[in-house]
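# Per-entry structural report
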Amino acid sequence: MKINKSDIETVAVKPAQYPEPDRFEIAFAGRSNVGKSSLLNLLTGRKSLARVSGSPGKTRTINFYLINDDFRIVDLPGYGYAKVSRSESEKWGQMMESYLENRENLLKVVQLVDIRHKPSAQDVQMYEYLKYYGLSGIVVATKADKVSRNEIQKSMKLIRTTLDMDKSDIIIPVSALKRTGHDILLDEIEKLLDSAREKSEDK
Ligand SMILES: Nc1nc2c(ncn2[C@@H]2O[C@H](COP(=O)(O)OP(=O)(O)O)[C@@H](O)[C@H]2O)c(=O)[nH]1
Ligand SMILES: [Mg+2]
């Protein structure tokens, strides 16, 4: 699949602000600063569709992007930023829950982890949560340009065991800097959309 068209559709902090659930959605989750915005820009071929931030912890909204006038990519607020207050992190939890637990048109959540580090306790918790809701299965290892080829293989093993991924779950190393890996992710997204469409036709 190629992305020819992408636009920010809605910025939401509560369900009343979400767009109608009339299109399939693929969401991105991960620690703040892991590279979610950079990945979105890489996939869409746009330099600044999503704001890339030097200082972590800025995105406190759920951002809905309309892709090819067809489906949506949803950028979820990042977690794991040390300096947030308890009330802020509770707000984050409520925002995530209200989206992830009730969104009927949500097909999958792509979990992003930094290829250089062992997934954090919060990454593990997030992946467990996604598994529980049947939304897990695709992990993107970001910043692949920062490690050697050999280390990529090692990191992928560490990510797989730490997140307790299923055999059929996949890890895709991606570099926004070198512009690699995004084609594989786009193909996976296309597969998800195709099979969801087949299912909805069967009904
Ligand atoms: N070297 C390298 N840096 C990256 C990559 N992806 C993101 N970054 C950097 O990581 C920082 C956080 O990126 P951003 O996309 O804003 O992360 P977000 O908070 O998850 O949306 C920025 O300084 C990016 O330039 C990558 O693939 N390679
Ligand atoms: Mg971001």
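Description of the structure in this document. (Residues numbered from 1 in each chain as written. Chains lettered and ligands numbered in written order. Predicted model: local features only at pLDDT ≥ 70, side-chain atom pairs only at ≥ 80, totals over all residues.)

Turning next to the overall build of the chain. When helices and strands are tallied, the chain shows 5 helices and 7 strands. Listing the helices and strands of the chain from first to last along the sequence gives β-β-α-β-β-α-β-α-β-α-β-α. Each principal axis of the C-alpha distribution contributes one length, and for the chain these read about 45 × 40 × 35 Å. Burial analysis of the chain (203 residues in total) assigns 36% to the buried set. Relative to all contacts within the chain whose residues are 6 or more apart in sequence, the contacts with residues 24 or more apart total 74%. (Helix = DSSP H or I, 4+ residues; strand = E, 2+ residues; numbered from the N terminus. Buried ≥ 20, exposed ≤ 12 C-beta atoms within 10 Å, placed from the backbone. Contact = placed C-beta atoms within 7 Å.)

Mapped onto the elements of the fold, Arg86 is located in helix α2 (residues 86-100). Distance from Arg86 to Leu49, taken between C-alpha atoms, is 30 Å for residues 37 residues apart in sequence.

So, about the sheet that holds strand β3 (residues 62-67). The 7 strands lie next to each other as β1-β3-β4-β2-β5-β6-β7, forming an open sheet whose pairing is mixed. Looking at the sheet topology across the chains shown, the edges are occupied by β1 (6-12) and β7 (170-173). For this sheet the average axis-to-axis angle between neighbouring strands, irrespective of direction, equals 25°. With 4 bridges connecting them, strand β5 (residues 106-114) and strand β6 (residues 138-142) associate as parallel partners. (Pairing = 2+ DSSP bridges. Axes fitted to C-alpha atoms, helices over the stretch in contact; angles between N-to-C directions.)

Looking now at the nonpolar core. A general tendency of soluble globular proteins is for nonpolar side chains to be buried together. Residues Phe28, Leu39, Val139, Val140 and Ala141 are the most contacted members of the largest nonpolar core, which totals 43 residues. Take this core: its biggest share by element is 5 residues, from β5. Ignoring any residue separated from it by four or fewer positions in sequence, one finds Val139 in contact with Gln111, Val113, Ile159, Leu163, Met165, Asp169 and Ile171. (Core = buried A, V, L, I, M, F, W, Y, C linked by C-beta atoms within 7 Å.)

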